[in-house]
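Reading the structure
Residue strings, one per chain:
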Amino acid sequence: MPILEVEHISKSFGGTEVLKDISFSLEKSQVLSIIGSSGSGKTTMLRCLNFLERPDSGIIRVNGETLFDAADSSAKQEEEIRKKRLHFGLVFQSFHLFPQYTALRNVTLARELLAQPDIDGGLIGGASLVFQSIINNTIVTPCLLGMNSLYTLIHTAVVFFLGSASVVASNANLSFAVDVVLMGIAATVIYSWIFKKTKHNVLYVLLVGTVLTSFFSSIQTTLTRVMDPNEYDTLLNTLVASFSNINSEIIVFSLILLAAVIFALRKELALLDVITLGKDQAINLGVDYDKCIRRLLLGVTLFIAVATAMVGPISFLGLIMANLSRQFLKTYRHKQLILGSTLFGMIVLIGGQLIVERIYHYAVPISVFISVFGGIYFLYLLLTNKRV
């Protein structure tokens, strides 16, 4: 009995018929080569066998079991497709190899990664690492999601409409709650709903975040221009990030909230090492890629929202921590990278605070120096094109 049977497979893209009534079978230990000119449908045929593309018609059987029948609607369910995909192994044309490993290590890496369920996390650095893995770019920063601009807009609007003496503006606990709730709602709507609407295109989400950053900043700038000067002077103190004036009463609540987010995303976090292999590779290994990315993106936004609500907006802290961790540790394992970013974050914040306030006695907050040197570090990464 053939181990693989393909009957009358057809596949079209728009008006172009790429595969037309393809049938063949493969016996155990038999090697089959598919030969044809560029664009003749060889890769499309393989992707249909692995269900990365859905055939328009036809049947696929493995060891006599029907894995796919275009006439059977139940066979097209995503959950069923992911299970059936594990019957096949596929090496992609656009392969990505880790230079520090042997060829055999690269080939066996995916199965090993799927067996790693470890979860650990920092806050800003951890969120930045996850965000960079989602985007597949090590020089992006979560500030592109617009949470920093939304934070400044919320505080400016509170002072403008309610006054600096209002309960919302003067009560640190209530102010934190308002920040987290509003930014959480914005994150859920923008980076979950829009992600679905854009057919799970991460670049569109980045574009939306960039546009919203400009939009929020424009509204905030307009409000400050017509604001009472005394109110504006009071507002400035809340718009500059400060690590020395964190409200200790909200730390426990923040940790509980963050722990809840980590627990809710524990399965997705365990798959980060697999996701970095690429979308097709992750799907090929049975990962529900779009759902996983959507939940991780929402989690990153919530993490940044909580961190921003606690200390204020810092644009480049996550970028510094994430890239220092990647460059020094040189590993693909996110458990180690996130632990490393947390360690580097402690070094940067505690060491910087000590130098700025205790040695040189500057009145300028450490966040200002982080933003300045973070911008320089970002330009360095951009110009040298450092990728780990």
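First things first, this report covers the structure right here in the doc.

Criteria and cut-off values
Residues take numbers from 1 onward in each chain, read along the sequence in its written order. Two thresholds apply to this predicted model, a pLDDT of at least 70 for residue-level local features and 80 or more for giving and counting side-chain atom pairs, whereas whole-chain, interface and lining totals are computed over all residues. Based on all heavy atoms of the structure, the side-chain values leave hydrogens and waters out of the count. Residues are called lining when one of their atoms sits within 4 Å of a cavity or pocket point, these points coming from a 1 Å grid over the protein atoms alone, where a cavity is a set in which a 1.4 Å probe fits but cannot get out and a pocket is an open set with protein on both sides within 12 Å along at least five of seven lines. Grid points are joined across faces, edges and corners, and a volume is the space filled by probe spheres set on the points. Secondary structure follows DSSP: runs of H or I at least 4 residues long count as helices, runs of E at least 2 residues long count as strands, and numbering of each begins at the N terminus. When residue character is reported, Ala, Val, Leu, Ile, Met, Phe, Trp, Tyr, Cys and Pro are called nonpolar, Asp, Glu, Lys and Arg charged, and the others, Gly included, polar. Side-chain atoms within 4.5 Å link the members of a nonpolar core, which is a set of buried Ala, Val, Leu, Ile, Met, Phe, Trp, Tyr and Cys residues. Type-normalised accessible area, obtained with a 1.4 Å probe on protein chains alone, sets the label of each residue: buried when under 20%, exposed when over 50%, and partly exposed for intermediate values. By definition in these notes, contact holds between two residues if any of their heavy atoms fall within 4.5 Å.

Attention now goes to empty space enclosed by the protein. The final tally for this structure, using the stated rule, is two cavities of 30 Å³ or more. Volume-wise, the second largest cavity comes out at about 120 Å³. Lining the second largest cavity are 15 residues, and of these Ile-124, Asn-148, Ile-304, Thr-308 and Ile-314 lie nearest its centre. Listing elements by their share of the lining of the second largest cavity, those giving two or more residues are helix H4 (124–135) and helix H14 (289–311). Sorting elements by how many residues they give to the lining of the second largest cavity places H14 first, with four residues. Across the lining of the second largest cavity, the residue classes tally to eight nonpolar, seven polar and no charged.

Further remarks concern the nonpolar core. Ranked by internal contacts, the top residues of the largest apolar core, which has 67 residues, are Phe-131, Ile-134, Met-183, Leu-296 and Val-300. A per-element tally of this core places H14 first, with 14 residues. Sequence-distant contacts of Ile-134, that is, excluding residues within four places in its chain, are made with Val-202, Tyr-289, Ile-293, Leu-296, Leu-297 and Val-300. Phe-51, Leu-67, Phe-68 and Ala-70 belong to the second-largest nonpolar core, a separate cluster that totals 16 residues.

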